[in-house]
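The residues making up each chain are set out below.
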Amino acid sequence: ISVDHRSDDDWNLQYLGRPWVEQNRRQRKVLNARAKAEGVNTPMWIEAAANIGDLAEEVFAPASPPGAKTFVAEFERFRSLHEIDRAELMQIFQELAPKLKISYYARCGFSHNLIGLRACVTVLHLFREDAEVVELCARCLRYSVVGHSFNRDALAELSADVGDVDVAHGNGETMGEAFRDRGWTFLRCALDAFLAQGSSSPTSREAALRVASAFAAVASARAAQVQ
């Protein structure tokens with residue numbers, strides 16, 4: 001066994017050719033510049049991404065497609081209301097909201113791989129009758145798009161499978177099964193939550209206003225304007 005002490009670029013140059021190496025260098029520069037602009041691995045980015053990881057773990061669970069014997073990465077289900085720890089959910093949102101409010105880098109960590117957006121929209125759908133959860137969730141979504149055009153557009157364009165969940169009984173469904181891609185998931189879920197919170201109680205009014213504010217924050221996105 002011999003040890004090759006050449007650099008990666010030297011190895012790539014020999015086996016992949018100069019055009020590939022030059023293109024790879026250009027792509028790395030672009031990715032590094034993007035990571036620097038988004039504050040990847042800065043404290044705020046890391047903390048927000050960690051909060052979102054906790055939120056996703058609380059909301060989503062691995063699942064198997066029909067006929068499969070093992071879990072498949074592309075398949076997941078959102079947990080039922082009975083499976084989700086509401087207190088933990090509230091704690092995550094309470095920790096996340098101030099970070100999103102003050103830090104652009106936190107907003108970038110929040111939307112990494114769209115996990116934060118998907119998880120929050122799912123919460124908005126599942127807990128649409130819970131004023132306190134709706135208020136905190138909508139607040140986080142509103143903060144996440146302030147001065148962040150990528151998050152704004154991604155939230156407006158998000159197409160996720162939230163299924164037809166029986167909120168009263170908490171019947172979770174498996175994403176990927178009979179999913180009809182209709183688009184504008186956030187806009188539809190926000191409208192449902194707004195209507196569900198349209199009562200006379202102060203808590204419900206505050207939640208409805210938060211949802212309306214989040215809805216208005218994405219109004220300038222192209223996906224919202226074309227409706």
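Throughout what follows, the structure given in this document is the object of discussion. (Residues numbered from 1 in each chain as written. Predicted model: local features only at pLDDT ≥ 70, side-chain atom pairs only at ≥ 80, totals over all residues. Heavy atoms only, no water.)

**Some remarks on the overall build of the chain**
When you go through the chain residue by residue, the secondary structure sums to eleven helices and two strands. Seen in sequence order, the chain has helices and strands lined up from the N terminus as α-α-α-β-β-α-α-α-α-α-α-α-α. Within the chain, the proportion of its 227 residues that are buried is 41%. Across the chain, every contact between residues at least 6 apart in sequence was considered, and the portion connecting residues at least 24 apart equals 71%. Counting only carbon and sulfur atoms, one obtains 53% of the accessible surface of the chain, whose full area is about 12,700 Å². (Helix = DSSP H or I, 4+ residues; strand = E, 2+ residues; numbered from the N terminus. Buried < 20%, exposed > 50% of the residue type's maximum accessible area, 1.4 Å probe, protein only. Contact = heavy atoms within 4.5 Å. Areas by Shrake-Rupley, 256 points an atom, 1.4 Å probe, with all protein chains shown as cover.)

**Structural notes on the environment of Ala217**
Note on placement: Ala217 falls in helix H10 (residues 202-217). C-alpha of Ala217 to C-alpha of Tyr143: the two residues are 74 residues apart in sequence and 9.0 Å apart in space. Residues contacting Ala217, with those up to four places away along its chain left out, are Arg142, Val145 and Arg152.

**Considerations on the packing of aromatic side chains**
Per the stated rule, a full pass over the model turns up one aromatic pair. Here Tyr104 and Tyr105 contribute two aromatic rings whose centre-to-centre distance is 6.5 Å and whose plane-to-plane angle is 65°, an arrangement assigned as edge-to-face. On the accessibility criterion, Tyr104 (37% relative accessible area) is partly exposed. A relative accessible area of 33% places Tyr105 in the partly exposed class. (Phe/Tyr/Trp six-rings, centres within 6.5 Å; stacked < 30°, edge-to-face > 60°.)

**Observations regarding the state of the cysteines**
Applying the stated rule across the entire model yields zero disulfides. This cysteine, Cys189, is not joined by any disulfide, and Cys137 carries the nearest cysteine sulfur, 9.8 Å off. Of the residues examined, Cys189 reaches a relative accessible area of 2% and is grouped as buried. (Disulfide = S-S within 2.5 Å.)

**Here we look at the packing of helix H7 (residues 131-145) against helix H8 (residues 149-157)**
The interhelical angle for the contact between H7 and H8, taken along N-to-C directions, is 130°, at an axis separation of 7 Å. When the interaxial angle is binned, H7 and H8 end up oblique. Across the interface between the two elements, Leu141, Ser144 and Val145 of H7 pack against Asn151, Arg152 and Leu155 of H8. (Axes fitted to C-alpha atoms, helices over the stretch in contact; angles between N-to-C directions. Parallel < 35°, antiparallel > 145°, perpendicular 65-115°, else oblique.)

**Notes on the nonpolar core**
Judged by nonpolar contacts, the single largest core of 51 residues is most densely connected at Leu55, Leu89, Phe93, Val123, Leu141 and Phe186. Looking at this core, the elements that each hand over two or more residues are helix H3 (43-59), helix H4 (86-102), helix H5 (104-110), helix H6 (115-126), H7, H8, helix H9 (185-196) and H10. If we ignore the near neighbours within four places in the chain, the residues touching Leu141 are Phe110, Leu117, Cys120, Leu124, Leu155 and Phe186. (Core = buried A, V, L, I, M, F, W, Y, C linked by side-chain atoms within 4.5 Å.)

**Comments concerning the pattern of salt bridges**
Evaluation of the coordinates by the stated rule reveals seven salt bridges. In this structure, Glu132 and Arg86 form a salt bridge, with 2.7 Å as the shortest nitrogen-oxygen distance. Separated by 46 residues along the polypeptide, Glu132 in helix H7 and Arg86 in helix H4 bring together distant segments of the chain. For Glu132, a relative accessible area of 41% translates into the label partly exposed. (Salt bridge = Lys/Arg side-chain N within 4 Å of Asp/Glu carboxyl O.)

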